[in-house]
Amino acid sequence: MAQLAAAEARVLQHVKSAFESFYVRITGNRRIWTLKVDPKKPEALPIVMVHGFGAGSAIWLLNVDAIGKHRSLYAFDILGFGRSSRPTFSTEADVIEEEFVNSIEEWREGVGLEKFILLGHSFGGFLAASYSLKHPDRVQHLILADPWGFAERTEKAAEEQRARVPFWIKAVGTVLLNFNPLAAVRAAGPWGPGLVQRFRPDLQAKFSEVFDDDTIFSYLYHCNAQSPSGEAAFSYMQIPFGWAKNPMLPRMMQLRRDIPVTFIYGARSWMDKESGKQVKVQRQDSYVDVQSVPEAGHHVYADQYEDFNRLVVQVCAKTDKAQLSEKNDKKTII
């Protein structure tokens, strides 16, 4: 864990905003590692950012300054990932999902947030949607960046996805079908960062404006060199490759109608993009916006980070305005 802390520090030294990092204790003697930026703008809603599978909160380094300039920003390592505690989860998909969501709610109580904008990427988007279903009073706007686990698996959909999935996912997935997804990274030991670089050379390009060395590979390696707690949990939640056992799309009809939802997809992503459009059809009497970022893949927050940041800042500003209007209407009624 010390090596992960050192790798994270190397990543976060490129964040210009003043930030603090700390643990938030939750039940079961567990801890959630947290990053916070506070520009002292209490009139603006805070934003909470949830990373995807196999990553940690420092992966938002290209987004923190632009988004955190306007409002308090919180990012945390999902339970079982990064520097957070690595407990033993259930082996039942629905129970695991509840365990993740409960940990987020306990974390929220720990940091003292009441209402916020919730943004999740990939697996983090799945968890953000699940949290919003269970705790709608807390979420002022739900932003889903290339979310995983929405579409239901059919043979046709699976065939279409196989055609889109990058080679590195197919290669790793085929070899590790009967293992935890990132077992080879841990088995590689000190050669782990090189293995990450070999399978994910695209990561260098995503962060090339910040790093010209192996910093990002080292961070992701050490995120996944720990005990495979969250990774094992994820393996019980998925149907290889990339499908959720309990898909989110059918459940979005249950999301409270007054919660606005914005989807942000990478135009070149291998992830299913139709789910956002289907949610918009499902929720015709609610606000649903579907955006596509040109030249971006699944990691839309990094591929075209300036466009991504601009979209998120716009969504947040509109949410602030809507909340202020709602407060003024209530005062008028009183």
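Residue indices follow the written sequence of each chain, beginning from 1 at its first position. Totals for whole chains, interfaces and linings use every residue, but because this is a predicted model, local features are given only for residues with pLDDT of at least 70 and side-chain atom pairs only at 80 or more, for both listing and counting. The basis for every side-chain value is the complete set of non-hydrogen atoms in the structure, without hydrogens or water.

### Some thoughts on the packing of aromatic side chains
Okay, step 1: Planes of paired rings set the category: under 30 degrees apart is stacked, over 60 is edge-to-face and the rest tilted, where pairs are Phe, Tyr or Trp rings (Trp by its six-membered ring) whose centres lie within 6.5 Å. Counted under the stated rule, the structure contains 17 aromatic pairs.
Okay, step 2: Plain terms: the ring middles of F150 and F263 are 5.9 Å apart, the flat faces sit at 80° to each other, and that makes the pair edge-to-face. With F150 in the loop between β6 (139-145) and α5 (155-164) and F263 in strand β9 (residues 261-266), this residue pair connects regions lying 113 residues apart in the sequence.
Okay, step 3: Three labels apply to residues, based on accessible area from a 1.4 Å probe with only protein chains included: buried if under 20% of the type maximum, exposed if over 50%, partly exposed otherwise in between. A residue is classified by how much of its surface remains accessible, and F150, at 2% relative accessible area, is buried.
Okay, step 4: Feature note: the residues F53, F81, F89, F100, F123, F126, W148 and F234 constitute an aromatic cluster, connected by ring pairs.
Okay, step 5: Over the face of the ring belonging to Y23 we find R31, whose NZ or CZ atom lies 3.7 Å from the ring centre.
Okay, step 6: A cation over a ring is seen here: R83 above W33, with NZ or CZ 3.8 Å from the ring centre. To qualify as a helix, a DSSP run of H or I must reach at least 4 residues; to qualify as a strand, a run of E must reach at least 2; elements of each kind are numbered from the N terminus. Cation placement over rings: the criterion is NZ of Lys or CZ of Arg within 6 Å of the ring centroid and within 35° of the ring normal.

### Notes on the packing of helix α3 (residues 93-111) against helix α4 (residues 123-134)
Okay, step 1: Every angle, taken between N-to-C directions, lies between 0 and 180 degrees, and every axis is a line fitted to C-alpha atoms, over only the stretch in contact when it is a helix. Running from N to C, α3 and α4 point in directions that differ by 75°, and their axes come no closer than 9 Å. Relative to α4, the element α3 lies roughly perpendicular. On α4, the residues that touch E97, E98, F100, V101, N102, I104, E105 and R108 of α3 are F123, F126, L127, S130, Y131 and K134.
Okay, step 2: Polarity classes work like this: nonpolar for Ala, Val, Leu, Ile, Met, Phe, Trp, Tyr, Cys and Pro, charged for Asp, Glu, Lys and Arg, and polar for all others, with Gly in that last group. Broken down by class, the residue content of the contact of α3 with α4 amounts to 7 nonpolar, 2 polar and 5 charged. Note on angle classes: values under 35 degrees are labelled roughly parallel, values over 145 roughly antiparallel, values of 65 to 115 roughly perpendicular, and the remainder oblique. Contacts were defined at the residue level, with two residues in contact if any of their heavy atoms lie within 4.5 Å.

### Here we look at helix α12 (residues 274-282)
Okay, step 1: Residues S275, G276 and V279 constitute the buried set of α12. Looking down the long axis of α12, one finds its buried residues gathered within 100° of arc, a one-sided arrangement.
Okay, step 2: Contact partners of the buried residues in α12: β9 and β10 (288-293). What the arc measures is the spread of directions leading from the helix axis to the C-beta atoms.

### A word on the pairing of strand β3 (residues 47-50)
Residues in a regular strand project their side chains so that they alternate between the two faces of the sheet.
Okay, step 1: The alternating pattern of β3 places I47 and M49 on one face and V48 and V50 on the opposite face, and all of these are buried.
Okay, step 2: Here a strand pair is declared whenever DSSP counts at least two bridges between the two strands. Sheet analysis places β3 next to strand β5 (residues 116-121), joined by 4 bridges and oriented parallel. In the sheet register, I47 faces β5, and the bridge partner there is I117.

### Observations regarding the side chain of S286
Okay, step 1: Mapped onto the elements, S286 comes out in the loop between α12 and β10.
Okay, step 2: For S286, a relative accessible area of 13% gives the class buried.
Okay, step 3: By the criterion applied in these results, polar contacts are pairs of N or O atoms within 3.5 Å in which, for protein atoms, one can donate a hydrogen and the other can accept it, and in which residues neighboring in sequence qualify only through two side-chain atoms. Among the polar contacts listed, one links the side chain of S286 to the backbone oxygen of R257, at a separation of 2.9 Å.

### A closer look at empty space enclosed by the protein
Okay, step 1: Cavities and pockets were defined on a 1 Å grid built over protein atoms only: a cavity is a set of grid points that admits a 1.4 Å probe from which the probe cannot escape, a pocket is an open set flanked by protein on both sides within 12 Å along at least five of seven lines, and lining residues are those with an atom within 4 Å of any such point. Grid points are joined across faces, edges and corners, and a volume is the space filled by probe spheres set on the points. Taken as a whole and judged by the stated rule, the model has 2 cavities of 30 Å³ or more.
Okay, step 2: Surrounding the largest cavity, 10 residues form its lining, G149, F150, A151, M271 and D272 being those nearest its centre.
Okay, step 3: Across the lining of the largest cavity, the residue classes tally to 6 nonpolar, 3 polar and 1 charged.

### Section: α4
Okay, step 1: With 12 residues, α4 should reach 16 Å at 1.5 Å per residue; the first-to-last C-alpha distance of 17 Å fits that figure.
Okay, step 2: Among the 12 residues that make up α4, 10 are buried, leaving the element largely enclosed by the rest of the structure.
Okay, step 3: Taken together, the buried residues of α4 touch β3, α3, β5, β6, α11 (229-237) and β8 (243-244). To estimate how far a helix should reach, multiply one less than its number of residues by 1.5 Å.

### Focus on the sheet that holds β9
Sheet strands pair via backbone hydrogen bonds, and the direction of the pair is either parallel or antiparallel.
Okay, step 1: Taking strand neighbours across the sheet as the criterion, the 8 strands line up as β1-β2-β4-β3-β5-β6-β9-β10 in an open arrangement whose pairing is mixed. Unpaired on one side and paired on the other, β1 (19-26) and β10 mark the two borders of the sheet. Each neighbouring strand pair of the sheet contributes to a mean axis angle of 20°, computed without reference to strand direction.
Okay, step 2: Sheet topology places β5 next to β6; 6 bridges connect them, and they run parallel. Bridging from a neighbouring strand, H121 pairs with A145 of β6.
Okay, step 3: In the packing of α4 onto the sheet, contacts are made with β3, β5 and β6, and the angle to β5 comes to roughly 145°.

### With respect to the pattern of salt bridges
Okay, step 1: One side-chain nitrogen of Lys or Arg within 4 Å of one carboxyl oxygen of Asp or Glu is enough to make a salt bridge. Overall, the coordinates contain 17 salt bridges when judged by the stated rule.
Okay, step 2: For the salt bridge of D214 with R10, the shortest nitrogen-to-oxygen distance reads 3.5 Å. Of this pair, D214 sits in the loop between α9 (202-206) and α10 (215-224) while R10 sits in helix α1 (residues 2-12), and the two are 204 residues apart along the sequence.
Okay, step 3: Assessed through its relative accessible area of 31%, R10 is described here as partly exposed.
Okay, step 4: For D303, the salt bridge is made with K206, and the minimal N-O distance between the two is 2.5 Å. Pair noted here: D303 is in helix α13 (residues 300-303) and K206 is in helix α9, with a separation of 97 residues, a long-range link.

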